[in-house]
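Chain by chain, the residues run as shown.
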Amino acid sequence: MATTEEVQKLAALARIRISGSDLEKFTREFDAILAYVGQLEKLDVKVGTDAERPALRNVMRADGSSRSKSDFERDEPHAAGAYTEKLAAQFPSREGDALVVKQIITHD
Amino acid sequence: MTKRPNEMTIGEAAHALRARSLTVRELWDTCAEAARTRNPELNAYLELFDADEAVIDAAQIRIDTEKEAAPLLCGIPLAIKDNILIEGHIASAASKMLENYRATYDATVIRKLKERGALFVGRTNMDEFAMGSSTEHSAFGPTKNPHDTSRVPGGSSGGSAAAVAAHLCIAALGTDTGGSIRQPAALTGLAGLKPTYGAVSRSGAIALGSSLDQIGPLTKTIEDAHILYEAIRGLDPLDSTTIPDDLYPARSISAKLRIGVPRHLLAENITPDVRAAFDAALAALEKEGHTIVDVELPTSVHALAAYYVIQPAEASANLARYDGVRYGLAKRGETLLDDYLDSRTEGFGSETRRRILLGTFVLSSGYIDAYYRKADAARAVLRREYEKAFEKCDVVAFPTTLSPAFKFGEKGDPVSMYLEDIFTVTANLTGAPAISVPMGTVEREGRRLPVGIHFTAPHQAEHILFAIGNAVESARNA
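Residues numbered from 1 in each chain as written. Chains lettered and ligands numbered in written order. Predicted model: local features only at pLDDT ≥ 70, side-chain atom pairs only at ≥ 80, totals over all residues. Heavy atoms only, no water.

S.K.: In this structure, what is going on with the overall build of chain B? I would like to understand it.
M.R.: Summing up its helical and strand segments, chain B has 15 helices and 11 strands in all. Over its C-alpha trace chain B gives a radius of gyration of 21 Å, about what one expects of a compact globule, namely 23 Å for 478 residues. Dimensions along the principal axes, computed over C-alpha positions, put chain B at roughly 65 × 55 × 50 Å. When burial is assessed residue by residue, chain B has 64% of its 478 residues classed as buried. In chain B, 75% of the contacts between residues at least 6 apart in sequence involve partners at least 24 apart. (Helix = DSSP H or I, 4+ residues; strand = E, 2+ residues; numbered from the N terminus. Rg over C-alpha atoms; globule rule 2.2 N^0.38 Å. Buried < 20%, exposed > 50% of the residue type's maximum accessible area, 1.4 Å probe, protein only. Contact = heavy atoms within 4.5 Å.)

Written out as structure tokens, the structure is:
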């Protein structure tokens, strides 16, 4: 059984606020969902063995080589700076091309 | 021909354009006018785009000069789900979080469609961030089913499905994470294809469950699904999960197909008239010379549970990027933490928040073995069971859904909504391609409502899905 405290804790971890009446509802629904997905307990598979190794794995692009080479040679999908203005236009607050954020380290 | 241009299929419209019995301008105008007229009632589109005169003119010139060599999609008006980026247009994923987010680049599928001269009528409604099976979780109101406006069109690609079914475009793109193309296709009487995982680039698709998501077509015919699929597929350097054409062994088929039916999965819950329609569709295929074989897929009974562990886990990770700092809804409070909390609380709807919490839970250190790792292992077992089944059949068949389109508000509790995906999620877990094909109608309150038959094929065997889809279409017309 999930408790309202546990759901509140998850919400805090996920950076979401859940207010009073919603909290009860979410907890109730959470219980129902966990009861359903809990049927996995009955499933007899050995986690971590070769046979059950997931078919998918993460694939990373190779790091670009020296910045002095052209973008084409570095195998970059586009030239540096090509999207700077478009992306910066989406910033909630900007100074030039810089994103303005709240100060997080204080001196007091 | 009595069909209005907007009622045509891609194949019919392409033919009419080349025969000069129709111009690109007329085709666009009839689609755009139908969309303007009916959208206030259906809410299929979140936004209708203005006519792009230059693109319309260019498409006409291309058809006039290249004639038969011009791409089939040249001059064809399409609808695009609101989680696929079109440069310069808003892409909101039907969320308050991205209500004002303007795409900074084209998704790869959009670039491919633009290269072929396709036109875009607008962006279509969906469940927020593609989580849902009815479009009731859209932040901008639900979409209505054109077959009965008191009922849902399915989801999450419900806007795309309604737009095609009501002829407010010729065809559409959706995305499918657990059934979000196939289930709405079934509930609106369309063909809907979820390609093999990696067949179509997701560059420029707003991520939900990254090991599950695929982009695919919702169309009036199997032929159209094939045309649209061929246009968008292929290896893409911008998506490292895309696969080369020969990754999986090629499967050849004869004219007569072997259809595997997992009867043990069909025992419960399917409404009797849907079951009858399914049996009738199989009987019609048998009459055409195809064979029905029994297959066993024992772990499939746990597929939905595994899905509702893996999908929320991936969704919670993907949606962590929406923090009110760089783009999207940005609320400002006392501290930086308040900025996060306020932006995410106001930006996300209740289903999105529910899944983020669920994902956070199943990934937390005390539970990751019991839930996430177990579900991931189940996935490998499912895949193996399907491989075994495909040794004796070409496709696996079941109904796409348990019942036809339901009424708004009918599935208020989350688990009953999740059960809508019970048959469709397995193909996302295994990565196999799957299609929903119309298999007739059932009656509810005096109205005929469409239902679909669902086929899964081995990886990269989309050609088998088109073959069986065509067989269903011709058996129904026979």
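S.K.: Help me out: how do you make sense of the environment of Asp413 of chain B in this one?
M.R.: Mapping Asp413 of chain B onto the fold places it in the loop between β9 (395–399) and α13 (414–418). Here the side chain of Asp413 of chain B touches Ser416 of chain B through a polar contact of 2.9 Å, side chain to side chain. (Polar contact = N/O pair within 3.5 Å; in protein donor to acceptor, adjacent residues only side chain to side chain.)

S.K.: In this structure, what is going on with the nonpolar core? I would like to understand it.
M.R.: One recurring pattern in soluble globular proteins is that nonpolar side chains are buried together. If you look at the biggest cluster of nonpolar residues, it comprises 106 residues, and the most contacted ones within it are Leu113, Ile259 and Phe455 of chain B. Looking at this core, the element that brings in the most residues is helix α2 (residues 24–42) of chain B, giving eight residues. Those residues in contact with Leu113 of chain B, other than ones at most four positions away along the chain, are Leu73, Leu78, Ile80, Ala118, Phe120, Leu173, Leu228, Ala231 and Ile232 of chain B. Residues Ala11 of chain A together with Ala130, Val309 and Ala377 of chain B belong to the second largest nonpolar core, which totals 59 residues. (Core = buried A, V, L, I, M, F, W, Y, C linked by side-chain atoms within 4.5 Å.)

S.K.: Could you clarify how one ought to interpret the state of the cysteines in this entry?
M.R.: Two cysteines whose sulfur atoms are joined by a covalent bond form what is called a disulfide. All names here are of chain B. If you walk through the whole model with that rule in mind, you get zero disulfides over all chains. Of all cysteine sulfurs in the structure, the one in Cys31 sits closest to Cys74, which takes part in no disulfide; the separation is 15 Å. Under the relative-accessibility criterion, Cys74 is labelled buried at 0%. With no disulfide partner, Cys169 has as its closest neighbouring cysteine sulfur the one in Cys31, 6.8 Å distant. When its relative accessible area of 0% is taken as the criterion, Cys169 is described as buried. (Disulfide = S-S within 2.5 Å.)

S.K.: Is there a simple way to think about unusual backbone geometry in this case?
M.R.: Trans peptide bonds make up most of the peptide bonds, and negative phi angles are found at most residues other than glycine. All names here are of chain B. With an omega of 10°, the peptide bond between Gly155 and Ser156 qualifies as cis. With respect to the helices and strands, the residue Ser156 is situated in the loop between β3 (119–124) and α5 (158–165). A positive phi angle is found at Thr135, which is not glycine, with a value near 65°. Relative to the elements of secondary structure, Thr135 occurs in the loop between β3 and α5. On the accessibility criterion, Thr135 (0% relative accessible area) is buried. The phi dihedral of His167 falls on the positive side, at around 60°, and the residue is not glycine. Considering the arrangement of structural elements, one finds His167 in the loop between α5 and β4 (171–176).

S.K.: Even after reading the chapter, I still don't get the packing of aromatic side chains, so can you show me in this structure?
M.R.: Here a ring pair, both rings aromatic, is described through the centre-centre distance and the interplanar angle of the planes. Inspection of every chain in the model, using the stated rule, returns 14 aromatic pairs over all chains. Ring pairs connect the aromatic residues Tyr101, Phe129, Tyr322, Tyr327 and Phe348 of chain B, which therefore count as one cluster. Here Arg354 of chain B stacks its cationic end above the ring of Phe26 of chain A, 5.6 Å away from the centre of that ring. When the ring centre of Phe406 of chain B is taken as origin, the NZ or CZ atom of Lys411 of chain B, which lies over that ring, is 5.0 Å away. (Phe/Tyr/Trp six-rings, centres within 6.5 Å; stacked < 30°, edge-to-face > 60°. Lys NZ or Arg CZ within 6 Å of the ring centre and 35° of its normal.)

S.K.: What is the right way to look at the pairing of β3 of chain B in this model?
M.R.: Looking along a regular strand, one sees side chains alternate from face to face of the sheet. Residue and element names in this part refer to chain B. Taken across its six residues, β3 has six buried, putting it largely inside the fold. Sheet analysis places strand β1 (residues 45–48) next to β3, joined by three bridges and oriented antiparallel. In the sheet register, Tyr45 faces β3, and the bridge partner there is Thr124. Direction of pairing for strand β2 (residues 77–81) relative to β3: parallel, over a ladder of five bridges. Within β3, the residue paired with Ala79 across the bridge is Gly122. In terms of handedness, the path from β2 via helix α4 (residues 108–115) over to β3 forms a crossover that is right-handed. (Pairing = 2+ DSSP bridges. Right-handed = clockwise from strand over helix to strand, strands pointing away.)

S.K.: Please explain the pairing of strand β7 (residues 258–261) of chain B as it appears in this structure.
M.R.: All names here are of chain B. Note: β7 against strand β8 (residues 291–294), four bridges, orientation parallel. Each bridged residue has a counterpart across the sheet, and for Gly260 the counterpart in β8 is Val293. Handedness of the β-α-β unit built from β7, helix α8 (residues 272–287) and β8 comes out right-handed.

S.K.: Even after reading the chapter, I still don't get the packing of α4 of chain B against helix α7 (residues 222–232) of chain B, so can you show me in this structure?
M.R.: Geometry of a packed helix pair, given as the angle between the helix axes and the separation of the axes. All names here are of chain B. At a closest axis distance of 8 Å, the pairing of α4 and α7 adopts a crossing angle of 110°. Of the possible angle classes, the one that applies to α4 and α7 is roughly perpendicular. Each of Val109, Lys112 and Leu113 in α4 lies in contact with α7, whose residues at this interface are Leu228, Ala231 and Ile232. Classifying every residue of the contact of α4 with α7 by side-chain character gives five nonpolar, no polar and one charged. (Axes fitted to C-alpha atoms, helices over the stretch in contact; angles between N-to-C directions. Parallel < 35°, antiparallel > 145°, perpendicular 65-115°, else oblique. Nonpolar A, V, L, I, M, F, W, Y, C, P; charged D, E, K, R; others polar.)

S.K.: Hey, could you run me through the packing of helix α1 (residues 4–13) of chain A against helix α11 (residues 350–362) of chain B in this one?
M.R.: Put simply, α1 of chain A and α11 of chain B touch, their axes get as near as 9 Å, and they point 95° apart. Comparing their axes, α11 of chain B and α1 of chain A come out roughly perpendicular. Between α1 of chain A and α11 of chain B, the residues in contact are Val7, Leu10, Ala11 and Leu13 of chain A and Leu357, Thr360 and Phe361 of chain B, respectively. Broken down by class, the residue content of the contact of α1 of chain A with α11 of chain B amounts to six nonpolar, one polar and no charged.

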